[in-house]
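Residue-level structure breakdown
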Amino acid sequence: MNKFIQLLKPRVVFIIPCFLAIMATSCTPEIDLYSVFPEIELSQEENDLQIIMGETIHFSATTINEAVYTEEWYLGDKLVSSEAAYAFIPEKSGTYVLSYAATNNAGAFTNKYTILVDAKIRPITTESNLYVTSLIDYLPAPGQFINTTLGSEEGAKTVEGKKGMVSLGGWGGSVSYAFDHTVINTADSNDLIVYGNAMSNFAEPGIVWVMQDENANGIADDTWYEIKGSADELDGTIKNYSVTYTKPEPITADVPWTDSEGNSGVVATNVFHKQAYYPASVTEDSYTITGTILSSSNIDMSNPRFITSAPFDAGYADNTPGGDKIDIAMAIDEDGNMVNLTGIDFIKVQTAIQANMGWLGELSTEVTGIADLSLL
Ligand SMILES: [Ca+2]
Ligand SMILES: [Ca+2]
Ligand SMILES: [Ca+2]
C-alpha cells in the first residue's frame, strides 16, 4: 500500500468482494487492517551502531504482513520522521538513541538503536607541526605588557608553529590556537605541553581549555572543556566567574574592574610600563570575561623585595619551569564531569588569578609554546 494513503487514512477497511448473486447472506466480514499487529522488518538489524562524523546511516522499516499503521522515529525525545525511512546525519559526535515505533490498534512494534558517533580525527602526517599552528583568538585582560609586542596579536602569533611569547594580562586574559592535526588523548598519559616562563618560586598559573572539532567543520565553534587542575576543588576556586574591565580616563590610568561576586578593584599601573594597559583591540568602553578563577593565596608578598608565587601541583599553564604537561583525560564539562575526549583540535589558555604583586605588576600568564607531546 502506498505510504501516503496510509498516513492520510490509517483506518482503511477492506471489504472482501462477495458473490452477490450466489452467497449474499454468508459474505466474509470486514477485516480491519489497522487492528492487525504490524510485523516489521528493519533495514538495520544491529541495535548498536558506530560511525564517524561525516557519515550517514539510512534506516528504513517495511511491513511483512498486511497491517496498516502509523510510524515514528525519535532521536532522543525529538520526533525526526513519521515515514518509513529516516537518514541519520549527526551534527556532532556523541552517543545517540534512535527509537522506532509502528503503531495501530493492535499495539506497537518498537525498536531502539544506540549510535556512537566518533569525532573525526585529523591524522598526523609528515607535514604535521608539533606546535599549534594558527591563532584563533587573542583577548587579553588589562596588564603591564598589553599594547606592547608581548601583549598584542603580533605577540600571540609568535607561538604559531614554534616557540615565541605572548602575555595574557590579568585574570581572564586568554589566547586560543588550532593544531594542524588532532592531538590524540593517549590513555594513562599526558598529551600536551604548554610552555611558559615560570620559575620554581614564581608561577603565574593559567587555566587550560581544550576543544574537539565535534561537528567536524574545522572551526572552533564547539565546546571548550576545562582541564581539571589540582586547584579545582581548593578554597577560592570559582567556576563561571566573570570580571568587567572598564576603559580608564585618562587611558594610561589604573584599569577599574568589578566581578560577579560583587568585588571591585583595579589593574594597577607601574612606573616601568607607561603605555595604556586597557587593550587597544577592545573598542568598547568596557568588556566582560568569564572563566574560572583560582585563589591568589600562593602569593607571598611578606618580603617586598622577594615576592614569590608558589605553583599549584599540576594541570596549569605557566606553572612550573620547563613547561606544564596536560592530560586531555582531565577535561571536564561545566558540571565537573569528565568528558573523555578521543582527541582535541583547539586549545585555549586563560590567566587564572587576579593579583597585584606590587612593583612586579599584575599576575599574568605567559605562553611561550604549545606542543603535541606525541611529536616531541
Ligand atoms: Ca591522555
Ligand atoms: Ca567545529
Ligand atoms: Ca609568567
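Residues numbered from 1 in each chain as written. Chains lettered and ligands numbered in written order. Predicted model: local features only at pLDDT ≥ 70, side-chain atom pairs only at ≥ 80, totals over all residues.

**Some remarks on the sheet that holds strand 17 (residues 238–246)**
Here we have 4 strands laid out as an open sheet, ordered 19-18-17-20, and antiparallel in their pairing. With partners counted over all chains shown, the strands left at the sheet margins are strand 19 (264–267) and strand 20 (286–293), one partner each. This sheet shows a mean twist of 30° between the axes of neighbouring strands, independent of strand direction. Here 4 bridges tie strand 18 (residues 255–259) to strand 19, and the two strands are oriented antiparallel to one another. Within strand 19, the residue paired with W257 across the bridge is G265. (Pairing = 2+ DSSP bridges. Helix = DSSP H or I, 4+ residues; strand = E, 2+ residues; numbered from the N terminus. Axes fitted to C-alpha atoms, helices over the stretch in contact; angles between N-to-C directions.)

**Focus: the environment of N190**
In this structure, N190 sits in the loop between strand 13 (174–184) and strand 14 (192–195). Assessed through the 16 C-beta atoms surrounding it within 10 Å, N190 is described here as partly exposed. On a C-alpha basis, the gap between N190 and D324 in space is 9.8 Å, while along the polypeptide they are 134 residues apart. Once residues within four sequence positions are removed from consideration, N190 is found in contact with K325, I326, D327 and L373. (Buried ≥ 20, exposed ≤ 12 C-beta atoms within 10 Å, placed from the backbone. Contact = placed C-beta atoms within 7 Å.)

**A closer look at the sheet that holds strand 28 (residues 369–372)**
Strand order across the open sheet formed by 3 strands is 24-14-28, with antiparallel pairing between neighbours. The open sheet terminates on both sides in strands that have one partner only, identified here as strand 24 (324–326) and strand 28. For this sheet the average axis-to-axis angle between neighbouring strands, irrespective of direction, equals 20°. With 3 bridges connecting them, strand 14 and strand 24 associate as antiparallel partners.

**Points about the domain arrangement of the chain**
Segmenting the chain into domains produces domain 1 (3–118) and domain 2 (134–375). Between domain 1 and domain 2, the C-alpha centre-to-centre distance is 53 Å. Looking at the side of domain 1 that touches domain 2 residue by residue, the class counts come to 1 nonpolar, 2 polar and 3 charged. (Domains from an automatic or database assignment. Nonpolar A, V, L, I, M, F, W, Y, C, P; charged D, E, K, R; others polar.)

**Some thoughts on the pairing of strand 6 (residues 70–75)**
Taken together, the 6 bridges between strand 6 and strand 9 (residues 94–104) define a ladder with antiparallel strand orientation. Opposite Y74, over in strand 9, you have S99 as the bridge partner. Between strand 6 and strand 7 (residues 78–81), which pair antiparallel one after the other, the connecting turn spans 2 residues, and G76 there sits at a positive phi close to 65°.

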